[in-house]
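# Breakdown of the fold
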Amino acid sequence: IETLDASEKIIHRIADGPANRVILQPADRLSAILRLGHFSDVSGFTFTGGDTLIFSAIQIMGNFSEVKNNVFLANTGTVTVGGEGLSPTITGNTFSQNTCDKGLIGGTIALFGNTAPTVSNNLIHNNTCTAITMQTTGNATHSITNNTLVNNEQGIDFGPTLEPENKVVRNNIVIGHDVGL
């Protein structure tokens, strides 16, 4: 067992049934369960048991990666899914019972650097951390739409460097948090 490195690869589960039938767990506490490189795509898996200092489930290291239709359950680390990749798409996932760092960069989904992410149609509930954190720079537009965020420490946290005109935040359900936005 080792950390999967998916640079320039597409990883789809080709099987009938729900994502909980294919479970990915970490090899050790030193790295994420999966590292996504340039033009990588992962869908249809359950990520559970990740327990690292930084990225517990997926570390996005490359540009234009997609994380879609996965389940993230009971992972522990600063970030469940995130990184510094350019323009990632994170859509259609379920995040539940994850534990994250409550510092500036912690979050169930946390993205950093000069990036233009699309975060949409995710269910993020009952995590002891911020649901979505954007600590980014540059003039890229962020699209955070149609997510359901329920009973997390905080709903959506934008870093101090993101200009208001670069945010597209609409049609999200945000309830049961200490802080919404």
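Structure: see above.
Please read these numbers as outputs of a predicted model, since none were measured by experiment.

A word on the nonpolar core. Nonpolar side chains in soluble globular proteins tend to be buried together. Counting 26 residues, the largest nonpolar core has Val42, Phe47, Ile58, Val67, Phe72, Ile109 and Ile132 as the members making the most contacts within it. Listed by contribution, the elements that provide at least two residues to this core are strand 4 (34-36), strand 7 (55-60), strand 15 (107-113), strand 18 (130-136) and strand 21 (154-158). Residues within four places of Ile132 in sequence aside, it is in contact with Ile109, Val119, Ile124, Ile144, Asn147, Leu149, Gly155, Ile156 and Asp157.

Our next topic: the sheet that holds strand 17 (residues 123-125). The strand order across the open sheet formed by seven strands is 3-6-9-13-17-20-23, and the pairing between neighbours is parallel. Each end of this open sheet is capped by a strand with a single partner; those strands are strand 3 (23-24) and strand 23 (173-175).

Tracing the sequence through the fold places Ile132 in strand 18. Spatially, the C-alpha atoms of Ile132 and Ile156 are 4.8 Å apart, while their sequence positions differ by 24 residues.

Attention shifts here to unusual backbone geometry. Located in the positive-phi region is Phe64, a residue other than glycine, with phi close to 60°. Structurally, Phe64 is set in the loop between strand 7 and strand 8 (66-68). Residue Phe64 is classed as partly exposed on the basis of its relative accessible area, which comes to 40%. Of note in this structure, Asn126 is not a glycine but carries a positive phi near 55°. For Asn126, the position within the fold is in the loop between strand 17 and strand 18.

Judged by which residues are buried, strand 19 (residues 142-145) turns out to be covered on both faces: His142 and Ile144 on one side and Ser143 and Thr145 on the other are all buried. Sheet topology note: the strand 16 (residues 118-120)/strand 19 ladder contains three bridges and is parallel. The residue of strand 19 that forms the bridge with Ser120 is Thr145.

Attention now goes to the packing of aromatic side chains. What the rule picks out here adds up to four aromatic pairs. Arranged with centres 5.6 Å apart and planes meeting at 20°, the rings of Phe39 and Phe64 form a pair that is stacked. You can see Phe39 sitting in the loop between strand 4 and strand 5 (41-43) and its partner Phe64 sitting in the loop between strand 7 and strand 8, a full 25 residues away along the chain. With relative accessibility at 54%, the residue Phe39 sits in the exposed group.

A few words now on the pattern of salt bridges. Counted by the stated rule, this structure contains two salt bridges. Note that Lys68 is salt-bridged to Asp41, the shortest N-O span being 3.4 Å. In this pair, Lys68 sits in strand 8 while Asp41 sits in strand 5, placing the two residues 27 residues apart along the sequence. With a closest N to O distance of 3.4 Å, Lys68 and Glu66 form a salt bridge. Given a relative accessible area of 28%, Glu66 falls into the partly exposed group.

Calculation criteria
- Residues numbered from 1 in each chain as written.
- Predicted model: local features only at pLDDT ≥ 70, side-chain atom pairs only at ≥ 80, totals over all residues.
- Heavy atoms only, no water.
- Core = buried A, V, L, I, M, F, W, Y, C linked by side-chain atoms within 4.5 Å.
- Buried < 20%, exposed > 50% of the residue type's maximum accessible area, 1.4 Å probe, protein only.
- Helix = DSSP H or I, 4+ residues; strand = E, 2+ residues; numbered from the N terminus.
- Contact = heavy atoms within 4.5 Å.
- Pairing = 2+ DSSP bridges.
- Phe/Tyr/Trp six-rings, centres within 6.5 Å; stacked < 30°, edge-to-face > 60°.
- Salt bridge = Lys/Arg side-chain N within 4 Å of Asp/Glu carboxyl O.

Just distances and angles here, no functional claims.
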